[in-house]
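The chain contents come next:
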Amino acid sequence: LARVQGEPAGPVPQALAKFWARWPAIRVGVTIGTSVRAFDAVDSGEAELGLSYAKPDSPKVTILAQAELRVGAIFRADHPLAKSKMLKVRELMAAGLPLLLADRSIEIRQMLEHAIGKDTLRLLPRLDTNSVMVMSELAKSGAGVAVKTRIGIEDELARKELVFVPLRELATAKQRLMLFTRQDTRLAPAAAALAGHLTSMVLALHER
């Protein structure tokens, strides 16, 4: 399984636990990297399954399941803006919330810059990183506001440590998380079983 980084509390650990309950002796290899790396690994046959965000120039694959995920502002629940229904990026900055942003290797940054257009140069983030896990941890510490999906912070949201507030600039934009395999390839029984567990969990993440 080749997967994109940043899904620590997402579907993979749960799916593996259920898979090993039925197939305890099967060894599973999991590699973590960029979306491009996940697609390349599946396309080359290095990995049987891929879990990654869609990209316009992705190699052709067979999609087994997909979920559309909203992108929004994630920050501490004790901030005065935490009860807002929707916010603009400039409102976050005016409220003293430094931006913790993905760098340009991650699609979310590209989506944000496209949405705000000429105001891109005014972003001046406190953090540029290729790790959404780092963004989440810093947001939890109160260092600023992360712009990302809910994936990976489900527990913190449930405990009301963090809040997710939709961004007006990205109101219609969503990231598409895809579970896929190589085109025209039949999965081995064990891989198909793992794909079945992952499919149900990916579909459960879909946000309308």
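Here, every reference points to the structure presented above.
Residues numbered from 1 in each chain as written. Predicted model: local features only at pLDDT ≥ 70, side-chain atom pairs only at ≥ 80, totals over all residues. Heavy atoms only, no water.

Engineer: Tell me what's going on with the packing of helix H1 (residues 11–22) against helix H7 (residues 189–204), and back it up with residues and numbers.
Structural biologist: Between two packed helices, what matters for the description is the angle formed by their axes and the separation of those axes. Two elements in contact, H1 and H7, have axes whose closest approach is 9 Å; the angle formed by their N-to-C orientations is 135 degrees. The orientation of H1 relative to H7 falls into the category oblique. Seen from above, H1 lies across H7 with right-handed handedness. Along its contact with H1, which presents Pro-11, Val-12, Gln-14, Ala-15, Leu-16, Lys-18 and Phe-19, the element H7 presents Ala-190, Ala-193, Leu-194, His-197, Leu-198, Met-201 and Val-202. Split by residue class, the contact of H1 with H7 holds 11 nonpolar, two polar and one charged. (Axes fitted to C-alpha atoms, helices over the stretch in contact; angles between N-to-C directions. Helix = DSSP H or I, 4+ residues; strand = E, 2+ residues; numbered from the N terminus. Parallel < 35°, antiparallel > 145°, perpendicular 65-115°, else oblique. Left-handed = near helix turned anticlockwise from the far one by under 90°. Contact = heavy atoms within 4.5 Å. Nonpolar A, V, L, I, M, F, W, Y, C, P; charged D, E, K, R; others polar.)

Engineer: Lay out the environment of Leu-205 in plain terms, naming residues and giving numbers.
Structural biologist: Topologically, Leu-205 is positioned in the segment after H7. Distance from Leu-205 to Lys-148, taken between C-alpha atoms, is 14 Å for residues 57 residues apart in sequence. Beyond its immediate stretch of four places on either side in the chain, Leu-205 contacts Pro-11, Ala-67, Glu-68, Leu-69, Ile-151 and Leu-177.

Engineer: Got a sec to walk through the sheet that holds strand S2 (residues 31–33)? Specific residues and values, please.
Structural biologist: In space, the five strands of this open sheet follow the order S2-S1-S3-S10-S4, with mixed pairing throughout. Of all the strands in the sheet, the pair left with one neighbour each is S2 and strand S4 (61–70). Between one strand and the next, the sheet's axes are offset by a mean angle of 20 degrees, whatever the strand orientation. Looking at chain direction, strand S1 (residues 2–4) and strand S3 (residues 49–53) are connected through two bridges and run parallel. Across the sheet, residue Arg-3 finds its bridge partner in S3, namely Leu-51. Where helix H2 (residues 35–44) meets the sheet, it contacts S1, S2, S3, S4 and strand S10 (174–182), and its direction lies at approximately 20 degrees from that of S10. (Pairing = 2+ DSSP bridges.)

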